[in-house]
Amino acid sequence: MLTDNKSAHVGSVREPFSTYGGWLDNEDPARILQKSAQAEAFFRTTGITFNVYGEEDADERLIPFDVVPRIISASEWRRLSRGIEQRVRAINAFLHDIYHRQEILRAGRIPTELIANNAAFLPHMVGVNPPGGVYTHIVGTDIVRTGPDEFFVLEDNARTPSGVSYMLENRETMLQMFPELFSRIAVQQVSDYPTNLRRSLAASAPDACTGKPVVAVLTPGIHNSAYFEHSYLADQMGAELVEGHDLRVVDGRITMRTTQGYTPIDVIYRRVDDEYLDPMNFNPDSMLGVPGIMDVYRSGGITIANAPGTGIADDKALYSYMPDIVEFYTGERPLLNNVQTWRCSEPDQLQYVLDNLAELVVKEVHGSGGYGMLVGPAASKKEVEDFRAKLIDNAPNYIAQPTLALSTVPIFTKKGLSPRHVDLRPFVLVSPERIDITPGGLTRVAMTEGSLVVNSSQGGGTKDTWVLEE
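Criteria and thresholds
Residues numbered from 1 in each chain as written. Predicted model: local features only at pLDDT ≥ 70, side-chain atom pairs only at ≥ 80, totals over all residues. Heavy atoms only, no water. Core = buried A, V, L, I, M, F, W, Y, C linked by side-chain atoms within 4.5 Å. Buried < 20%, exposed > 50% of the residue type's maximum accessible area, 1.4 Å probe, protein only. Helix = DSSP H or I, 4+ residues; strand = E, 2+ residues; numbered from the N terminus. Contact = heavy atoms within 4.5 Å. Salt bridge = Lys/Arg side-chain N within 4 Å of Asp/Glu carboxyl O. Pairing = 2+ DSSP bridges. Axes fitted to C-alpha atoms, helices over the stretch in contact; angles between N-to-C directions. Phe/Tyr/Trp six-rings, centres within 6.5 Å; stacked < 30°, edge-to-face > 60°. Polar contact = N/O pair within 3.5 Å; in protein donor to acceptor, adjacent residues only side chain to side chain. pLDDT = per-residue confidence, 0-100. Parallel < 35°, antiparallel > 145°, perpendicular 65-115°, else oblique.

**Section: the nonpolar core**
(1) Moving on: Counting 47 residues, the largest nonpolar core has Phe-94, Tyr-99, Ile-110, Met-125 and Leu-247 as the members making the most contacts within it.
(2) Moving on: Every element with two or more residues in this core is listed here: helix 3 (74-98), helix 4 (103-106), helix 5 (112-116), strand 6 (215-218), strand 9 (253-258), helix 10 (293-298), helix 11 (316-319) and helix 12 (322-330).
(3) Moving on: With five residues, the top contributor of residues to this core is helix 3.
(4) Moving on: When residues no more than four places from it in sequence are discounted, the contact partners of Tyr-99 are Ala-120, Phe-121, Leu-122, Met-125, Val-126, Gly-127, Tyr-135, Gly-309 and Ile-312.
(5) Moving on: Counting 26 residues, the second-largest nonpolar core is a separate cluster that includes Tyr-166, Phe-228, Ala-234 and Met-237.

Shown next, in the form of structure tokens:
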């Protein structure tokens, strides 16, 4: 059942899994189960946890980890990489255009009201040129597979994509649990991601930087659901982990409190949403950001990664226009397909969604983490009808998509291998000179049999993703 392929026969082994399958056939299932328990203990000891909003009794939850890797061939990865890079280039070009000349609106390729009435569009960024021309320094593109040669982009994460720490720890865990596998199978490494991240951020430093760029990670604090990742990445990069109260504006620069006084920072990898980034320019009640940071940013005194206002690029209502965006800015047809999407803001499309609600997946336009969504085929009649009322009350807040026949990969259970649905989030680093795509990414897996929801906040797990060498 090592397929990762919707159309493969049950029990068949795809070529990328052949060596692994041979190894697994000769392993004692009891040993694999023992290794699974060791991996969970390792995660718990290391503190690899996340917080679940609204669940006080689940403050420190482990993300389930499965020891059977997802394996992608080198040729498959080449195809995916080309499509991801094309998409990321288009997104950066779109962001520059939408905050400057807005040629795509003038050309009528995107409705003006989709931007003008969008909460993710940031007027403060109009006319601002980010250092190096980079808006999305870190991108997480969610991809699903529906057949042997069919890949679809499910959504673009251009604000503050999370999950890379789990990608790194999953690989480290597999190396510890099964070192013999990596001597048999040539797997492309992911361990250089923190080094590449630091180099990419440093290359995006502003003109105000006069020496070696100082990089810091701005976190909302320990109660944020992704705090483990914030501290982990800061540690791995050798960067400072800071909160808003550690920073202040001094002589037109953002400075960080140290034992020797305040020291200028050149690049901030922020994990704080736009709304809370600067109480002087956005939410005045925010205790998470830095007063005046937007003024320093606009004057070229600091690089903020990702740039404020990038959320417009991963808005789910805008997602349905991504094929047009790719073609408009690259002059090429998209190499990766979009999932068919109905915009509930349009009356005829809303009617179709209401008529077929039990068969569709409905998402909030600005939603994330699996919150606020309906998976029609898995919902009760009451849940469907309750969601229908939400749609009627606030239709522009939602989009709908078909329930895709996602590919499955096996997980190891007490009864042996069992198929589960997965998606993939490759991580992309963008600097003024280059685009780096980490081979593989984070495979999220629906741990419940038959479920299509892979989000960790909804009970999903993760597994290591292997991209084979040529």
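**Regarding the pattern of salt bridges**
(1) Moving on: If you walk through the whole model with that rule in mind, you get 25 salt bridges.
(2) Moving on: Between Asp-423 and Arg-444 there is a salt bridge, with the nearest N and O atoms lying 2.8 Å from each other. Of this pair, Asp-423 sits in strand 19 (residues 416-425) while Arg-444 sits in strand 22 (residues 442-445), and the two are 21 residues apart along the sequence. The pair formed by Asp-423 and Arg-444 is uniform in burial state, with each residue classed as buried.
(3) Moving on: A single network of salt bridges, built from pairs that share partners, joins Asp-142, Asp-423, Arg-425 and Arg-444.

**A few points about the sheet that holds strand 10 (residues 261-264)**
(1) Moving on: Read from one edge of the open sheet, three strands run 8-9-10, paired in antiparallel fashion. With partners counted over all chains shown, the strands left at the sheet margins are strand 8 (247-250) and strand 10, one partner each. When strand polarity is set aside, the average angle formed by the axes of neighbouring strands in this sheet is 45°.
(2) Moving on: Pairing of strand 9 with strand 10, which is carried by four bridges, proceeds in the antiparallel orientation. Within the sheet, the bridge partner assigned to Thr-258 lies in strand 10 and is Gly-261.

**Comments concerning the packing of aromatic side chains**
(1) Moving on: According to the stated counting rule, one finds 14 aromatic pairs in the structure shown.
(2) Moving on: Between the aromatic rings of Tyr-193 and Phe-427, the centroid separation amounts to 6.5 Å while the plane-to-plane angle is 65°, which identifies the pairing as edge-to-face. With Tyr-193 in helix 8 (residues 193-203) and Phe-427 in strand 20 (residues 427-430), this pair connects stretches of sequence that are 234 residues apart.
(3) Moving on: With relative accessibility at 1%, the residue Phe-427 sits in the buried group.
(4) Moving on: Relative to Tyr-329, the ring of Phe-328 has its centre 4.9 Å away and its plane inclined at 80°; by these criteria the two rings are edge-to-face.
(5) Moving on: A relative accessible area of 28% means that Phe-328 is categorised as partly exposed.
(6) Moving on: Note on Tyr-329: relative accessible area 23%, which makes it partly exposed.

**Structural notes on the environment of Ser-299**
(1) Moving on: For Ser-299, the position within the fold is in the loop between helix 10 and strand 12 (303-305).
(2) Moving on: Within the structure, Ser-299 has its side chain in polar contact with the backbone oxygen of Val-296 (distance 2.9 Å).

**Description of unusual backbone geometry**
(1) Moving on: Across the junction of Ala-305 and Asn-306, the peptide omega takes the value -5°, indicating a cis bond.
(2) Moving on: As for its position among the elements, Asn-306 is in the loop between strand 12 and helix 11.
(3) Moving on: A positive phi angle is found at Gln-102, which is not glycine, with a value near 55°.
(4) Moving on: Inspection of the secondary structure assignment puts Gln-102 in the loop between helix 3 and helix 4.
(5) Moving on: Owing to a relative accessible area of 27%, Gln-102 belongs among the partly exposed residues under this scheme.
(6) Moving on: In this model, Asp-251 sits at a positive phi of 55°, which is unusual for a non-glycine residue.
(7) Moving on: Structurally, Asp-251 can be placed in the loop between strand 8 and strand 9.

**Regarding the confidence of the model for the chain**
(1) Moving on: For the chain, mean pLDDT is 90; residues scoring 70 or higher make up 93% of the total.
(2) Moving on: pLDDT under 50 marks residues 6-10. Its contacts with residues more than four places away, or in other chains, come to ten contacts.
(3) Moving on: Note that residues 53-58 has pLDDT below 50 and, in this model, seven contacts with residues that lie over four places away or in other chains.

**Overview of the pairing of strand 9**
(1) Moving on: Here strand 8 runs beside strand 9; their pairing, made up of four bridges, is antiparallel. When the sheet's bridge partners are listed, Leu-247 is paired in strand 9 with Met-256.
(2) Moving on: With antiparallel pairing between neighbouring strands as the criterion, strand 8 and strand 9 make up a hairpin whose turn holds two residues, including Asp-251 at a positive phi of roughly 55°.

**Topic: the packing of helix 3 against helix 12**
(1) Moving on: It is at 9 Å that the axes of helix 3 and helix 12 come closest, and there the two elements cross at 85°. One way to sum up the angle between helix 3 and helix 12 is to call them roughly perpendicular. Contact residues: Gln-86, Arg-87, Ala-90, Ile-91, Ala-93, Phe-94 and Asp-97 in helix 3; Met-322, Ile-325, Val-326, Phe-328, Tyr-329 and Thr-330 in helix 12.

**Remarks on the side chain of Ser-204**
(1) Moving on: Tracing the backbone through its elements, the reader meets Ser-204 in the loop between helix 8 and strand 6.
(2) Moving on: On the accessibility criterion, Ser-204 (0% relative accessible area) is buried.
(3) Moving on: Among all residues touching Ser-204, those that are not within four sequence positions of it are Pro-131, His-137, Thr-303, Val-430, Ser-431 and Pro-432.

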